[in-house]
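# Architecture and fold: a report
As a plain string of letters, each chain reads:
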Amino acid sequence: MATLSELLAQKAALEKQIIETQREERAAAIAQVKSLMSQYGLTLADLSGKTSAAAPRRGSTGKVPAKFRDPDTGDTWSGRGLQPKWLKAALANGRSLSDFAV
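- The name that an unreviewed UniProt entry assigns to the chain is H-NS histone family protein, with the source organism given as Rubrivivax benzoatilyticus.
- Turning to the chain, the UniProt annotation filed under Sequence similarities (unreviewed entry) states: "Belongs to the histone-like protein H-NS family."
- Its UniProt record gives the chain the following Subcellular location (unreviewed entry) comment, quoted word for word: "Cytoplasm, Nucleoid".

What follows is the structure, given as structure tokens:
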């Protein structure tokens, strides 16, 4: 059975070996990535994940202009999403959606 000092020495040697192996594998991975980038003509900008200005954008495109306005309060609704409470109440009271068109 090994003594505590022998086990600690083995642990230190293993930790040193682990660090060296990690360093070597990292260097090999970097070399492989550089090779692939060169082979396919890639740049760091290509790897950042940001799309170029020429690519079509999806998702939010900014604020949508109002299509409906409450003449009493000035509240607006774009026509997207759920109807606001003021519009639901007015429609329930017999008003038409076209009454609020901008």
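## Comments concerning the environment of Ser 96
- Examined against the element boundaries, Ser 96 turns out to sit in the segment after helix H3 (85-92).
- A polar contact of 3.0 Å, which involves the side chain of Ser 96, links it to the side chain of Ser 98.

## Description of the nonpolar core
- Counting residues in each nonpolar core, the largest one holds six residues, listed as Phe 68, Trp 77, Trp 86, Leu 87, Ala 90 and Phe 100.
- No other element matches the three residues that H3 contributes to this core.
- Excluding anything up to four places from it in sequence, Trp 77 contacts Ala 66, Lys 67, Phe 68, Leu 82, Gln 83, Pro 84, Trp 86 and Leu 87.

Analysis parameters
- Residues numbered from 1 in each chain as written.
- Predicted model: local features only at pLDDT ≥ 70, side-chain atom pairs only at ≥ 80, totals over all residues.
- Heavy atoms only, no water.
- UniProt positions renumbered as here; feature names shortened; annotations may be inferred.
- Helix = DSSP H or I, 4+ residues; strand = E, 2+ residues; numbered from the N terminus.
- Polar contact = N/O pair within 3.5 Å; in protein donor to acceptor, adjacent residues only side chain to side chain.
- Core = buried A, V, L, I, M, F, W, Y, C linked by side-chain atoms within 4.5 Å.
- Buried < 20%, exposed > 50% of the residue type's maximum accessible area, 1.4 Å probe, protein only.
- Contact = heavy atoms within 4.5 Å.

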